[in-house]
Every structure is written in C-alpha cells, then in structure tokens.
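Each chain, written out:
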Amino acid sequence: MSDLLIRRRDGTSVRLDSREVARLADTLRGTLLTADAPTYDAVRAVWNGMIDRRPAVIVRCLDADDVAHAVRFAARHDLLVAVRGGGHNIGGLALADDALLIDLAAMRGVQVDPARRTARVEPGATLADFDAAAQVYGLATPLGINSTTGVAGLTLGGGYGWLSRAYGLTVDNLHRAEVVTADGARVTASADENSELFWALRGGGGNFGVVTAFTYDLHPVGPEVTAGLIVHPFDDAAALLRRYRAAVADAPDALTAWVVLRRAPPLPFLAEAVHGQPVIVIATCWCGAAADAARALAPLRAIGTPHADAVGPMPYVNFQALFDPLLVPGARNYWKTHDFLTLDDGLIDAVVAAARTLPGPQCEIFLAHVGGAVSRLPADATAYAGRAAQFVMNVHGRWDASTDDTGFIAWARGVYEATAPWAAAGSAYVNFLTADEQDRVRSAYGANYDRLAAIKARYDPTNRFRVNQNILPVPAPAGPNAPLGTPRAGVRTPPRS
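Computed from a predicted structure; not experimentally measured.

### Quick look at the overall build of the protein
- Summing up its helical and strand segments, the protein has 14 helices and 20 strands in all.
- At 23 Å, the protein has a C-alpha radius of gyration in line with the 23 Å of a compact globule built from 497 residues.
- Dimensions of the protein, computed from C-alpha atoms along their principal axes, come out at roughly 70 × 55 × 45 Å.
- Counting only residues that meet the buried cut, the protein has 59% of its 497 residues in that class.

Structure, rendered in structure tokens:
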C-alpha cells in the first residue's frame, strides 16, 4: 500500500504514511479499501447514478468497534468523514471525494423480539432485510415504500411509509439507538439515556454520530394487507384529483392513499394500449382488519372509472417491494419537494399542468397523503418538524443519459417553483432534499433548528459529520434561561478533536 492523499475536515489535504493506514486496517474485523482495490468501484457505487465520488479510503465495517476505530482515526488526523448506510440518499450524501468513508453496508443484522414487539436493526440493513425478519411474526413498523432503501438514512431523516398514518413516522417508533460519537465513544441514546441526543437523532440526520444499531417498536401488521394500484386515465386529471382530495379527507388512519402522476409502465394488469400513456395512479394500503377493507376503500373506488383496479389482499412484503422495478439503482435522479397543508385548487391545477410536461417515461410527481398519527404529535416532539403537513410532494426526475441532465433538472426545478406558492411555511422532508439545497435545511427544521444546533455543538463541536444535510454546531447559551438545546443531566460532552 502506498502513502495516501486524503482530505482534511477543513478542505486541505494531508498525505498519510502507508504504515498509519495499515495500522488502521489491522484493528478492523472488516476490511479497508483504497482506489487500487479491485472491488473499489463496485463498493463506492450508490443508488443515484448521477453520483460519482471517489473516497480516498473506504472502511468496510463489520461491527460498532470497527466504526469507533475509523472515527478515532479520522479524529486523530482531522479527516473529512462520510458515512454510508444503504447508499440510497438522493443527494449522494453517503460519499465525498477524497474523504474517509465509513461503510456500514455489511452490517445488516435484524433481531426481532416478538414477545416485546421490538427489533434491533443494524445500519446497513435495507427495508427488505427488516421486513423479511419482522413479517415472520406478523410485525412491522412504518419504514419507507421501496424495499431497497437503507434503514439508517430513512430513519435519521424522519421516515415515511405506508403505515405512517396508523403508527407515525419511523422515528416515532424508534425506541433506542446505539451511537459512535465524533470522538469515537460508544453511547446509547433513548428517552432515559442521553435523551437530548435521542431527540436529535429522530429526524436530525447523520449530524450527531454514527448509529450502529436502531431498536424499533413493532406493530401487528400482515402478513397480508389489502393493497395495490388503481390506475386512472389522465383525462380530466384536475377533477379526479379534487375527488381524491375529498375521498382522503376523512380516511381512517389505517388507510394510506398516495397519488402518482406519470406515464404508465408496462404493468401486467394494464392493457398494452395504456402502456406509456399519461395516467394517474392511486397507490393504496389498508393495514386494518380485512373485514373492513371494502368499506374503507369505497370512497377511493368511487372517484372515477379507472383503466384497472388491482387492489386486493397481498403479502405486506410484496407491497413494500411493488415499486422496486421502477427504482432500480444506476439511473440518474434529481428530486424536488414541498410540504402542503392542503391540496388547494390552484395547487392541483399547477401539478396537472406540470404532469403534462413530463420529460421522460421514468419521471413522476407523487403526492403522499400523510397526517393521521404523524400530525398528532407536536412539532417539537422529535427533531422532525413537519408535523402539520398533510401532503408531501416529490418531483421525481429520473433518466439514463448524462446528456439529458440539464433538461430533466430544469423540469424538476420548474415544477418546484410553480408549486411553491402553496408550500407549507418552508417545512420539508430532508430525505427528499438534493445536495444543492443546503439553504433549505434551516427552514426544514423550523423552530427545532436552534435546539439541534446546540446538540450538534455538544456531540460534534468541530462538525466532523458534515457530509449530510448539515446542521452547524452553535453552543447554547448557559444559565437558567438556556434553551432546550442545553443537554440534560447525564448527557456526556465529547472533547474537541
């Protein structure tokens, strides 16, 4: 191994003696890769094909001790650190050029305790890993909509899923986290231990440390739910969306119905003549009693005459993977997002107009109906602040050729601007923010931002964990009038590195 040129936290570079790097490798149960390793390119690849970043060194961790060794090494040499879980982040924030990458992808263990209804999940696990283990016992927690998504990044940003109206966000079901902090210490965060850190982890992203295990509360769901797709023609789309708005206004919490505007993929239950045509898709999941499904779904089924209604009993794990074929890794992706309090008529008209200009067959606009249990907690219950939002929009630009980048990105930004007048006070789901939206981070967290900045100052005062939707460390004022960001008794303060 030759000497290694690697990036420092301040952006300068340092050349590390190969013996130093070899000593790090010798401490690991996992492996250490540099650019000359035959597997380097495969390991650094992430879901979004637009991202092509080259870490100086990749530490492929097998356990929390490996993570701690890597963090201490980075602190000792003042290195820039990136952390990768499932590698699904839209902005590619699992990677940074010339950095030390802490790769958690091999840490995929899931341990379910059916008696306590909990699951301990390692940070490299995907939704498919989690669901395969939990559904053996007919248990689940709200956790995304695409089975290849990584559990860690999804959770740390808040976490929506088909079960969120019934059981809240993923972070609302997080019971405990095991964390390696910026000085390499291993701590536990929960409501009773390091509670301010626990509050921050529930929506504050990867700003506060490397989570090496998540423990979730589980709920009885499945193994079968009533779910599937209702596909409508795009004709009279605005009227259809207004009827959808009325149908979900009084929906029970166990019913989720999201709308997708796109060109029809070649689904087996659609007539071939519909393939490639503009459609409105209602993706719905009923997680309540099977006997009540027909009544709950009736308002959705009454809003128009669809091309096809493919909703019925199916395994929950199958529904979680339903969109996987449309979201395979390697395509180029650029997203834009807004939160909305309501689907105003003007907003509906703007979305329909945008859908008429879809630049490619993989592009879509989806509107996720949330509310329910998500909105019943106050905005400061967790770091995630967008509790008031009833609908979350994702403008999903997706294409294959780099020569199309300019046009597809411009389309997504145009939809974002056209729908901005109806956005909900600046709140946004940070997992949908792209890498060029750092200016939206403060508004995304709203009144919770200052508390997060103070907790960041306690746990990562030098901002070592900055390859994320970054929250800058700002110490809280001392004294009896200090804000909630001041850690409570029992919260340890790591030394400066």
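### Some points on the packing of helix α11 (residues 345–355) against helix α12 (residues 405–419)
- Axis separation between α11 and α12 bottoms out at 9 Å; the angle between their running directions is 165 degrees. Classified by the angle between their axes, α11 and α12 sit roughly antiparallel to one another. For the element pair α11 and α12, the recorded crossing hand is right-handed. Contact with α11, carried on its side by Leu347, Ala350, Val351 and Ala354, involves Trp411, Val415, Ala418 and Thr419 of α12 and no other residues of that element.
- Split into classes, the residues belonging to the contact of α11 with α12 amount to 7 nonpolar, 1 polar and no charged.

### Some thoughts on helix α1 (residues 18–27)
- Here α1 has its buried residues at Ser18, Val21 and Leu24. Relative to the axis of α1, the buried residues are bounded by an arc of 120 degrees and lie together on one face. The outward face of α1, more than 90 degrees from its buried face, is lined by the exposed residues Arg19 and Asp26.
- Lining the buried residues of α1 we find β1 (4–7), β2 (13–16), β3 (31–34), β4 (57–60) and α3 (64–77).
- N-capping of α1 is provided by Asp17, with a side-chain oxygen placed 2.7 Å from the backbone N of Arg19.

### Focus: the environment of Gly159
- Looking at where Gly159 falls in the secondary structure, it is placed in the loop between α5 (151–156) and α6 (164–167).
- When the C-alpha atoms of Gly159 and Arg202 are compared, they prove to be 9.1 Å apart, with 43 residues separating the residues in sequence.
- Beyond its immediate sequence surroundings of up to four residues, Gly159 is in contact with Leu154, Ser164, Leu169, Thr170, Tyr429 and Asn431.

### Here's the deal with the sheet that holds strand β5 (residues 81–84)
- The sheet built from 4 strands is open, its strands ordered β3-β4-β6-β5 with mixed pairing. Each edge of the open sheet is held by one strand with a lone partner, namely β3 and β5. In this sheet, neighbouring strand axes are inclined to one another by 20 degrees on average, regardless of whether the strands run parallel or antiparallel.
- In this sheet, strand β6 (residues 100–103) lies alongside β5 in parallel orientation, the contact comprising 4 bridges. Across the sheet, the residue bridging to Arg84 is Asp103, located in β6.
- Of the strands in this sheet, β4, β5 and β6 touch α3, which is tilted by about 165 degrees from β6.

### Some remarks on the environment of Asp236
- Topologically, Asp236 is positioned in the loop between β14 (224–233) and α8 (237–249).
- Overall, Asp236 belongs to the exposed group, its relative accessible area being 53%.
- Separated by 233 residues in sequence, Asp236 and Gln469 have C-alpha atoms that sit 39 Å apart.

### Considerations on the nonpolar core
- Formed by 125 residues in total, the largest nonpolar core has its most connected members in Phe130, Leu201, Tyr244 and Leu300.
- Setting aside anything within four residues of it in sequence, one finds Tyr244 in contact with Ala257, Trp258, Val259, Ile282, Leu300, Ile303, Leu343, Leu367, His369 and Phe391.

### Considering the pairing of strand β15 (residues 255–263)
- Counting buried positions over the 9 residues of β15 gives 8, a clear majority of the element.
- Relative to strand β19 (residues 364–369), β15 runs antiparallel, the two being bridged by 4 bridges. Across the sheet, the residue bridging to Arg262 is Glu364, located in β19.

### A few points about unusual backbone geometry
- Here the bond from Gly222 into Pro223 is cis, since omega is 5 degrees, no more than 30 degrees from zero.
- Along the polypeptide, Pro223 turns up in the loop between β13 (219–220) and β14.
- Backbone geometry places Arg117, a non-glycine residue, at a positive phi of 55 degrees.
- Along the chain, Arg117 turns up in the loop between β7 (110–113) and β8 (118–121).
- A residue is classified by how much of its surface remains accessible, and Arg117, at 40% relative accessible area, is partly exposed.
- Of note, Asn194 is a non-glycine position whose phi angle comes to about 50 degrees, a positive value.

Conventions adopted
Residues numbered from 1 in each chain as written. Predicted model: local features only at pLDDT ≥ 70, side-chain atom pairs only at ≥ 80, totals over all residues. Heavy atoms only, no water. Helix = DSSP H or I, 4+ residues; strand = E, 2+ residues; numbered from the N terminus. Rg over C-alpha atoms; globule rule 2.2 N^0.38 Å. Buried < 20%, exposed > 50% of the residue type's maximum accessible area, 1.4 Å probe, protein only. Axes fitted to C-alpha atoms, helices over the stretch in contact; angles between N-to-C directions. Parallel < 35°, antiparallel > 145°, perpendicular 65-115°, else oblique. Left-handed = near helix turned anticlockwise from the far one by under 90°. Contact = heavy atoms within 4.5 Å. Nonpolar A, V, L, I, M, F, W, Y, C, P; charged D, E, K, R; others polar. Arc of directions from axis to C-beta. Polar contact = N/O pair within 3.5 Å; in protein donor to acceptor, adjacent residues only side chain to side chain. Pairing = 2+ DSSP bridges. Core = buried A, V, L, I, M, F, W, Y, C linked by side-chain atoms within 4.5 Å.

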